[in-house]
Every structure is written in C-alpha cells, then in structure tokens.
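Breakdown of the fold
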Amino acid sequence: MRLIDVLLPVRCARCGEPPLSPCAHCLAALDEAPMLPVPNGLDSLTALTAYNDRSALFITEAKYRNSRATLGVLMRWAVELTPPAVSLADAVTWAPTTDARRRERGFDQAQILARHAARRLGRPLRSLLRRQPGPTQTGRSRADRLTGPSFRSAGSPCAVVLVDDVCTTGATLTAAATALRHAGAGTIHGLVLARTPQR
Ligand SMILES: [Zn+2]
C-alpha cells in the first residue's frame, strides 16, 4: 500500500460515501453476472457481477487510479460465490497483462486480484503463466479479442484457480487455461470480477 492510500480516506467511487469503495449500498446495486457458458478450457467460472456502466466505474477506478482497496472489496465478495472445490485448489494464479501495460500502470491488476483471492481462500499464490509478446486486449475489436493472447507455463499443480479482472469473450482465460493444461493442470476454476453480457 502506498502512503497516499493510507492518508486519504477511501470513498465510494459511485456515491462518495466512506469508508469502502464500493460502499455496501452500491455493492448491492451491482447486477448479477450474466448466465453464459463456461469458456473453453475452464471447469468453472465465477464472476461477481455483470460488466456494465455500474460495475465498470469500480473496476475502471481500480485499474487507472490504482485503488487496491476497491479490488480487495470486490474480490472478497467474488470469492464468496465460488464453488466449494475452489477452496481446495493447489494454487491461485493469474493471467498476466502485457509488459507494456504493467509498465504504463505500474502494476498488474490481475496479479493484485489473485493475491486478494489467495489470501481469502487460504491457498498459495503462484506465478504460473508468462504472456507471450502481442497486443493488449483493451481497445481491440471483439473479433480481434476472440483470437486472444497467448501464454506459456513451465509447470502447473493439479488444481488451479485462474484469476482475471474482466471476462469479455473468454479468449484470455481460454488461452491461459490451455497453457496451464499443457503444463500439467487437471482442474482449472476461473475467477473474475465481472463478465460482459453477450451483445
Ligand atoms: Zn456507494
């Protein structure tokens, strides 16, 4: 945590009320995640909410203002929705962002979310994936995103929880899961904050 995060009281990104972002009221107002098929390569996918104007405010705030408190609040509730098998996983890992994106922001949002998830679940956090060079997903068309990025893994335990911030087409999670499977994973549970409804 940075000094500025300690000195400035946390206020809800939507309504401005302390002491949490989102506050309990705005958290309860988030829409349920859309009922969509589990992306290829995953055994299950848990999403806290739908990715829309209401939730994007919190997730975008977290992305660009580095509000780690928001990520912790959201991931805490996402973990509550996971199936029981998730709490028995061997490791929690994440789909890493590009090096360029990490340099630009100064952190990897998915990694921070995975750390929160690991702590909540009481399972070890492990860096299992490397992202192959290529364009970032943000700002690409849906058709482009469907092809997804590509990942490599040098080895994976049997049961893994794979964390990311938003599942749009599922292409990123599928690509990450494929790399984990090749590296030895048997069961892969996806865990994201938000899932985009199909248009
Ligand atoms: Zn609020």
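Relevant structure appears above.
Residues numbered from 1 in each chain as written. Predicted model: local features only at pLDDT ≥ 70, side-chain atom pairs only at ≥ 80, totals over all residues.

1. Looking at the environment of Tyr51
Looking at the secondary structure, you find Tyr51 in the loop between β1 (44-50) and α3 (53-65). Expressed as a C-alpha distance, the spacing of Tyr51 and Thr196, which sit 145 residues apart in the sequence, is 4.7 Å. Every residue in contact with Tyr51, bar those within four places of it in the chain, is listed here: Ala56, Val166, Ala194, Arg195 and Thr196. (Helix = DSSP H or I, 4+ residues; strand = E, 2+ residues; numbered from the N terminus. Contact = placed C-beta atoms within 7 Å.)

2. Concerning the sheet that holds strand β5 (residues 159-167)
Ordered in space as β1-β6-β5-β2, the 4 strands form an open sheet in which the pairing is parallel. The two strands at the open ends of the sheet, each matched to only one other strand, are β1 and β2 (91-94). Across the sheet, the mean angle from the axis of one strand to that of its neighbour is 20°, orientation sign disregarded. Sheet topology places β2 next to β5; 4 bridges connect them, and they run parallel. Counterpart to Trp94 in the pairing with β5 is Val163. (Pairing = 2+ DSSP bridges. Axes fitted to C-alpha atoms, helices over the stretch in contact; angles between N-to-C directions.)

3. So, helix α6 (residues 109-121)
Over its 13 residues, α6 extends 18 Å from the first C-alpha to the last, a length consistent with the 18 Å expected when each residue adds 1.5 Å. Taken together, the buried positions of α6 are Gln109, Ala110, Leu113, Ala114, His116, Ala117 and Ala118. Phi turns positive, to about 70°, at Gly122, one or two residues after α6. (Expected span 1.5 Å × (residues − 1). Buried ≥ 20, exposed ≤ 12 C-beta atoms within 10 Å, placed from the backbone.)

4. Side note on the pairing of strand β6 (residues 187-195)
Of all the 9 residues making up β6, 8 are buried; the element is thus mostly covered by neighbouring parts of the structure. Relative to β6, β1 is paired through 6 bridges, and the arrangement is parallel. Of the residues in β6, the one forming a bridge with Ser44 is His189. Where β5 meets β6, 8 bridges bridge the pair, whose relative direction is parallel. Its bridge partner lying in β6, Val160 is registered against Ile188. Between β5 and its parallel partner β6, the chain crosses via helix α8 (residues 171-182), and the hand of that crossover is right-handed. (Right-handed = clockwise from strand over helix to strand, strands pointing away.)

5. Here we look at the packing of helix α4 (residues 68-80) against α6
Here α4 crosses α6 at 50°, and the two axes come no closer than 9 Å. Between α4 and α6, the crossing angle belongs to the class labelled oblique. The handedness of the crossing between α4 and α6 comes out as right-handed. Across the interface between the two elements, Arg68, Leu71, Gly72, Met75, Arg76 and Val79 of α4 pack against Ile112, Leu113, His116, Ala117, Arg120 and Leu121 of α6. (Parallel < 35°, antiparallel > 145°, perpendicular 65-115°, else oblique. Left-handed = near helix turned anticlockwise from the far one by under 90°.)

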